[in-house]
Structure formats: C-alpha cells, structure tokens
2 protein chains.
Amino acid sequence: MKIKSVKFEKTYYRYFEPFTISLGTHEDQENIEVRLELEDGTVGLGEASTLFVISGETVEIMMQAEKTVQEMIVGEDVESYGKLFSRLQQLRATPAIKAAVEFAIIDAFCKRIGIRPYEFFGGAKDHIETDLTVGIMDLEKTLKKVKKIYEDGFRIIKIKVGKNFKEDVERVVESKKIAPEAVFIVDANQGFTPKEAIEFANTLHSERVEVVVYEQPVNRYNIEGLKLVRFNCPYPVAADESIFTKYDALRLIKEEAVDFINIKLMKSGVSDALAIVHLAQSAGVQLMIGCMGESSLGINQSIHFAAGTGAFAYHDLDAHLSLDEKTFRGDFRQEGPHIYL
Amino acid sequence: MKIKSVKFEKTYYRYFEPFTISLGTHEDQENIEVRLELEDGTVGLGEASTLFVISGETVEIMMQAEKTVQEMIVGEDVESYGKLFSRLQQLRATPAIKAAVEFAIIDAFCKRIGIRPYEFFGGAKDHIETDLTVGIMDLEKTLKKVKKIYEDGFRIIKIKVGKNFKEDVERVVESKKIAPEAVFIVDANQGFTPKEAIEFANTLHSERVEVVVYEQPVNRYNIEGLKLVRFNCPYPVAADESIFTKYDALRLIKEEAVDFINIKLMKSGVSDALAIVHLAQSAGVQLMIGCMGESSLGINQSIHFAAGTGAFAYHDLDAHLSLDEKTFRGDFRQEGPHIYL
C-alpha cells in the first residue's frame, strides 16, 4: 500500500514545573507530530522531541525536514519499510525526525497487517516498569518529590546530578533514606570530570546507596574518561549523550568504555536503535531506554519498542508525566510505574 | 562594539555543468549568506554551503538557525568573539551555519581593527595555489576537461572516483598522460571497500601516477578501514567525510588512521578548524583544505583561513569556479590556480 502523504505539525507543552539538569533548565517543550497516511486511509503517527543542548535540533529546524521526507517516502510502498529506513538514514542533522517518521511508517504498516507495534518489535513483553526522574533542585524540594514518587509506587528513581558535588551527594543520600526499597539511577549529564565522577560514585557507595545505572558522568566526547570512570567505580556506567548512532555504539563497545548504553529513539531513530540492541546484546553491554521531552504520543513509541524487544534492564520513559498534556494519546495503560500494553 | 543584528538570506546558483561524485549528481546549489552588523554600521559577511548527502543539512534547515543565532550573539561585543564561538558550538546540527556566523564575526571584527581576515589568522602567506576538480564523467569528457584545466595552468588536478573501478583507473591513468607535469588528488567519496581502495591505489601506482592525496576511499564510519588502506597503500590517505569536529580529528589521530585530514570550514566551523590545525600539526598529520558548494563569498573564507594559517599542503578551493555567479565577491585576486590576497 502506497504512502499518500506525510505531514509535520508543531505542538507545544508546558512542564508542570521547570525541569533542571546540569545542561540547563526547561519550562516548556515544542515537539513535532508526524502524520503519515496511506492510500487506503490508514494513518500512522509519530512524534519528534529533542533538546537543543543535546542534539542541536530545534523544532524550527526539524519542521524544515518535512519536504525532504516527503520526497523520500511519498508514493512508496509502506511494506518496503526497510528501503525507506535506508533513505531516512540521510537525515543526519535531524535524528528525532528520523525516529518519528520511522515510527509513523511502522505504525501504519502494523495497522495494515493487524498487529500492534510492540508485536512488530518482537512482542517480548506486554508490561514494563518505568522510573521517574527528579531534576536538579534544592534538598528540601528533592526530598518532597522523592517522597511523592515513592508513595506513588515508583521503586526506580532517577536523580539528576552534576551541578554541585556536595549538594548532589546529599540529595541522593537523603533520598535513599526516605525511599529505602528504591534503587537509583544517577544522571550527571556530563557534569563531572572523570576524577570527580569517580569520587562521587565512591562517596555514594560508602553511604550504601544502590545505584543501578550511573549515566553520562563526563563530557560526551571524552570516551577515555568514560572508560576511566567505568574501571574505577563500583556502579555500572552508562553512555547517553556520547551515543547517538550505531557507529557510536560500536565504538563504545570496542573501547570497552561502558557497562550500559542509554538508547533513545530520538537520538538514533528506530533503525539504529534496533542495531544498537543487537550490538549491545552481542557484547554483553546492558541497555536502558530513555526519552527527551515526548508527550504520551512519543513515549508510546519507546514503550512499544522497549516492550517488543524486551531488551532493556531499565526504562526511563517518564517525560509525558511531566508535561501538561490535554489528551492522553498513548496506546498503553499506566498505573504508577507500571505500563501495560 | 556590540552586534546589532544578524540576518540570513538564501542564495541560489547553477553549476555550469552537472557535478557528479560517487554520492550523487548536483545541478544547482543553494547557500545562505549571513550578514552581521555592528552598532557602528560595520558589516561582516559569511556564507554557509553544504551538501545534504554529506551533512544532512538543507538550506531550509539552516535558515531556521537564524533565530537561535540571533539569541546567541545579538547585543554581545564582537571583541568577545571567543565567548561567542563557545556558544555557537551548540549548533551541532548545522555546522555550516556555525562556520558562516563565525566568519561573519571575524570579518566584522577585522574591519573594526583595520586588518584583513588572513592577517587575523596569522598572515602566514599572501598567496596560495588551488587545484581544480573533475567530477565523475565518461573518459572522453574527463580528458577534455583535464586538457582544459592543464592548459589553464593548473598543476594540481583532483579527480573524483569511486563509482566504477575499471573506468576510474582509466580516467586517472589517461589524464596523467595528457597532464604530464601535474600531480593528482584522487577522491573516492567513500565509494570503495578497503580492499578495492588498496587495489585501486596499487593499480595507479603501477602506472606511475603521482597521487599526492587519496581522499576518503572508504565509508565515513569505517575508521579501521581507513587505517587498513593507509597501511597498505603507496599514497597518503586523507579523511574527509569521516571528520567534522575536532573530536573526530583527535580520534583519527589517536587511531593512526590517516596521513591527511581534509579540513572544510563548512564541516567544522572556523573554531574547530583552528583546533584541527593544531591537533594535526602536533601529530605530524598533513592538511588539505576543501570546500562544499561555496560561491566566491564563501570560498573567500577558506582562502583567508588557509593563507593566514599557512597550514595546508594542498588547497581544493574551486567551487566558485564551477558556479554561474553574477558578481565576484571575494577579497582576493585569482589567476588560474593562483590566488593572491
């Protein structure tokens, strides 16, 4: 069935509260919805969402890829999605658009053949558990937020750090005390030097905090620094900003630089994300899946990908919970941390 | 002196004849002119030019960076260009825009202080010699073009290959015969496998063709492949598509993957290009400078950069000679291959 049209539309969301990471503060989020229609009227949807400080994409830049994408895929058979994905690899400057368009193609294809996207991806699981993320804020607010999250049933709590060593240690250690059964993902978003990163981890470890993933402790380009931290730190170290493409993943694996890779569809597209799953599984590198600022529509993509492949030890798919979204558009059901397909 | 405004404008040029490389054929070129004005009326100009197949940027995408750039630099002192360059590093998705804006800043700054850009860059030379490039075309047309170029005085001739092994060998070998005093740059634009690339070089070598740079023989992501070719080939091997940022350059150097790096301002911006010069010189890696589809305005940027730093063994700054441009806008004088500042 041929693809009749593909259209981009800007969307705007406010965060319920400003969200701060070591790279900056965000109060709102502009995304792009991709609507793809087949000649028989079947519609596939996708969402692109990114942060300028991470990828250099803005929503205005991404909108301009619409014409290019139309030229690449309109008039083509949706069944030849593999061929279309190859073409879309050229969207080097706009990986989030690549992700949204690839997912819209998969969505339309799945509707045509009568399966759901997570089945397309392998149907490994129909339930996943997500963490919830606490941005950088003062100790009091951090603890209030952790208490709320814990009461809501979340047992994997992600805490942003990397801005103030001493305060960050205190925030994590005190959080641990009020969420005794929780495990923690700690994400520095490149905020530490390698030696600071090692010291930070050892300090948390001496306080018996169970950190299950230590994300991007150092600068994205400092692969040797990541490796240094990995080999001198009691916690599993993950690359996030350091890895966008499958080529980045292969390099990290070859250099033995990380224990974990954080896959985000918005960095890699669906096609490279699949390749990274295979690379990581072959190498014994563990996987988590993360998000940018997706609404329920975009988080839905990652949920189906994660559940279908069953490849992820941890799921950090919580952006939609922070956005003031009028209409829930996910093809999943959520109860606290539990997501059911 | 504060920056009062910065504006982008699209420009359009036709190539005198279609230009084919292993990645595709181009008949026209859309660029962006950046016009920066200081509060005292001083104007700085820059040009962004790129190829979608190389960088994933389109002119539409690049236009959308205008607002972002305005937010970054309008109202700031042009004398603090180092600070501004740091901010512009965030333009990860649009390196050609980074280049154009950085040059416009330098241009305005130089006018203010009464020097020319090549002096800003070190004033090492006031004359450089460029090659001229022959795209992929049949043997007869190739020879006709080489003959013309040779008669025009060019003694460095660049030939695009990587599409048809046998025809490419013949095109280079026969070109050598009608341009006996010329040396050749051979550019495969990723068109070969490593083994093909080695075989190709050995074949040319057995025919006594003097190839002074063998550009990007294999896929951009195949750094080990580049290294394999480098260590099994009689000619100096250069990375082009494999290197955009200073981080890419450092990796290539650390992996001993290349003899040469092809710097293009459009891939790196002025700031990273300067860093790459220092990295390469420290490592004993040689440098050439190339271009995308710049008009005389954009080529002017690379000429000033190249002459000022004096860092380049070869200059491939010829795009403006292939474009049907109404008004020459370079701050240089050209006689055949010779460019004078």
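Please read these numbers as outputs of a predicted model, since none were measured by experiment.

### Let's talk about the environment of Cys110(B)
All names here are of chain B. As for its position among the elements, Cys110 is in helix α5 (residues 95-113). A C-alpha to C-alpha distance of 15 Å links Cys110 and Arg35, two positions 75 residues apart in sequence. If we skip the residues at most four places from it in the chain, Cys110 touches Ile115, Arg116, Pro117 and Phe120.

### Topic: the UniProt feature "domain: Mandelate racemase/muconate lactonizing enzyme C-terminal" (unreviewed entry) in chain A
In the numbering adopted here, UniProt assigns the feature "domain: Mandelate racemase/muconate lactonizing enzyme C-terminal" (unreviewed entry) to residues 139-236 of chain A. With 49% helix and 15% strand, the stretch residues 139-236 of chain A has end C-alpha atoms that lie 25 Å from each other.

### Quick look at the side chain of His320(A)
Residues and elements named next belong to chain A. With respect to the element layout, His320 can be found in helix α14 (residues 319-322). His320 sits in the buried class, given a relative accessible area of 6%. Setting aside anything within four residues of it in sequence, one finds His320 in contact with Glu294, Ser295, Ser296, Ile299, Glu325, Phe332 and Gln334.

### Description of the sheet that holds strand β4 (residues 127-129) of chain A
Sheets are built from strands that pair by backbone hydrogen bonding, the pairs being arranged parallel or antiparallel. All names here are of chain A. Spatially, β4-β14-β13 is the arrangement adopted by the three strands of the open sheet, whose pairing is antiparallel. Edge positions in the open sheet fall to β4 and β13 (333-335), since each of these has one partner strand only. For this sheet, the mean angle separating the axes of adjacent strands, direction not counted, is 20 degrees. The pairing of β4 with strand β14 (residues 338-340) spans three bridges and is antiparallel. Within β14, the position partnered with Glu129 by the bridge is His338.

### Let's talk about the interface of chain B and chain A
The partner chain A presents 26 residues to the 26 residues of chain B that form the contact. Between chain B and chain A, roughly 2200 Å² of surface is buried when both sides are summed, and carbon and sulfur atoms account for 56% of that area. Its salt-bridge partner being Glu224(A), residue Lys254(B) comes within 2.3 Å of it at the nearest N-O pair. Where chain B packs against chain A, one counts four residue pairs in polar contact (both at pLDDT 80 or more). Of all the secondary structure elements, the ones that give two or more residues to the side of chain B that touches chain A are α1 (52-55), α2 (59-63), α3 (65-73) and α11 (246-254) of chain B. Here the side of chain B that touches chain A is composed, by residue class, of ten nonpolar, seven polar and nine charged.

### Considering the domain arrangement of chain A
Where interface size is quoted, it is often the accessible area lost as the parts come together. Residue and element names in this part refer to chain A. In terms of domain boundaries, chain A breaks down into domain 1 (3-115) and domain 2 (120-340). Computed from C-alpha coordinates alone, the two centres of domain 1 and domain 2 are separated by 23 Å. Contact with domain 1, which involves 37 residues of that partner, is made by 41 residues of domain 2. Roughly 3100 Å² is buried in total at the junction of domain 1 and domain 2, and carbon and sulfur atoms are behind 63% of that figure. In terms of surface lost to domain 2, no three residues of domain 1 exceed Glu47, Ile54 and Phe103, which account for 19% of the buried area on that side. Taken together, the connections running from domain 1 to domain 2 amount to two salt bridges. Salt-bridge contacts for Glu17 lead to Lys145; the nearest nitrogen and oxygen are separated by 3.0 Å. Applying the counting criterion to the domain 1 and domain 2 interface returns 20 residue pairs in polar contact (both at pLDDT 80 or more). Going through the elements one at a time, β1 (3-21), β2 (24-38), β3 (43-48), α1 (52-55), α4 (81-88) and α5 (95-113) are the ones with two or more residues in the side of domain 1 that touches domain 2. By residue number, the principal contributor to the side of domain 1 that touches domain 2 is α5, which donates ten residues.

### A word on helix α11 (residues 246-254) of chain A
Residue and element names in this part refer to chain A. When we look at burial in α11, the residues that qualify are Ala249, Arg251, Leu252 and Ile253. A side-chain oxygen of the first residue of α11 lies 3.2 Å from the backbone nitrogen of Tyr247; this N-cap is Thr245. At the C-terminal side of α11, Glu256 shows a positive phi close to 55 degrees.

### Some thoughts on the UniProt feature "active site" (unreviewed entry) in chain A
Residues and elements named next belong to chain A. The UniProt feature table records "active site" (unreviewed entry) at Lys160 and Lys264. When residues no more than four places from it in sequence are discounted, the contact partners of Lys160 are Phe19, Thr20, Ile21, Thr133, Val134, Gly135, Ile136, Arg171, Asp187 and Asn189. Mapped onto the fold, Lys264 is located in the loop between β10 (260-263) and α12 (265-283). Judged by its relative accessible area of 9%, Lys264 is buried. Setting aside its immediate chain neighbours within four residues, Lys264 contacts Asp240, Gly290, Cys291 and Met292.

### So, the sheet that holds strand β14 (residues 338-340) of chain B
Residue and element names in this part refer to chain B. Taking strand neighbours across the sheet as the criterion, the three strands line up as β4-β14-β13 in an open arrangement whose pairing is antiparallel. Strand pairing shows two members of the sheet lacking a second neighbour, β4 (127-129) and β13 (333-335), which therefore form its edges. Sheet twist, expressed as the average angle between the axes of neighbouring strands with direction ignored, equals 20 degrees.

### Quick look at the relation of the copies chain B and chain A
These two copies of the chain differ by a rotation about an axis and a displacement along the same axis. Placing chain B over chain A gives an RMSD of 0.0 Å and needs a rotation angle of 180 degrees, together with 0.0 Å of translation along the axis. What the superposition gives is, in effect, a two-fold axis relating one chain to the other. In this assembly, 100% of the residues forming the interface of chain B have copies in chain A that are likewise at the interface, indicating an isologous arrangement.

### Regarding the side chain of Arg220(A)
If you trace the backbone, Arg220(A) turns up in the loop between β8 (211-215) and α10 (223-230). One buried charged residue, Arg220(A), forms no salt bridge at all, with the nearest opposite charge on Glu241(A) at 6.7 Å. Excluding residues within four positions of it along the chain, Arg220(A) makes contact with Val53(A), Ile54(A), Gln190(A), Glu241(A), Ser242(A), Phe244(A) and Arg92(B).

### What about the nonpolar core?
Counting 106 residues, the largest nonpolar core has Phe8(A), Ile73(A), Ile97(A), Ile157(A), Leu204(A) and Tyr214(A) as its most contacted members. The element that contributes the greatest number of residues to this core is α5(A), accounting for twelve residues. Looking at which domains feed residues into this core, each of domain 1 (3-115) and domain 2 (120-340) of chain A supplies at least three. Apart from residues no more than four positions distant in its own chain, Phe8(A) is found in contact with Ile32(A), Glu33(A), Val34(A), Met62(A), Met63(A), Ala65(A), Glu66(A), Val69(A), Ile97(A) and Val101(A). Counting 105 residues, the second largest nonpolar core, distinct from the first, contains Val69(B), Ile159(B), Ala197(B) and Ala239(B).

### Focus: the environment of Gln216(B)
All names here are of chain B. You can see Gln216 is positioned in the loop between β8 (211-215) and α10 (223-230). Expressed as a C-alpha distance, the spacing of Gln216 and Val6, which sit 210 residues apart in the sequence, is 35 Å. Apart from the residues lying within four places of it in its own chain, the contact partners of Gln216 are Asp187, Ala188, Asn189, Gln190, Ala238, Ala239, Asp240, Glu241 and Ser242. Reaching out from Gln216, the side chain makes a polar contact with the backbone nitrogen of Asp240 at a distance of 2.7 Å.

What counts and what doesn't
Residues numbered from 1 in each chain as written. Chains lettered and ligands numbered in written order. Predicted model: local features only at pLDDT ≥ 70, side-chain atom pairs only at ≥ 80, totals over all residues. Heavy atoms only, no water. Helix = DSSP H or I, 4+ residues; strand = E, 2+ residues; numbered from the N terminus. Contact = heavy atoms within 4.5 Å. UniProt positions renumbered as here; feature names shortened; annotations may be inferred. Buried < 20%, exposed > 50% of the residue type's maximum accessible area, 1.4 Å probe, protein only. Pairing = 2+ DSSP bridges. Axes fitted to C-alpha atoms, helices over the stretch in contact; angles between N-to-C directions. Buried area = accessible area lost by both parts, 1.4 Å probe. Salt bridge = Lys/Arg side-chain N within 4 Å of Asp/Glu carboxyl O. Polar contact = N/O pair within 3.5 Å; in protein donor to acceptor, adjacent residues only side chain to side chain. Nonpolar A, V, L, I, M, F, W, Y, C, P; charged D, E, K, R; others polar. Domains from an automatic or database assignment. Least-squares fit on C-alpha atoms with pLDDT ≥ 70 in both. Lys, Arg positive; Asp, Glu negative; His and termini not counted. Core = buried A, V, L, I, M, F, W, Y, C linked by side-chain atoms within 4.5 Å.

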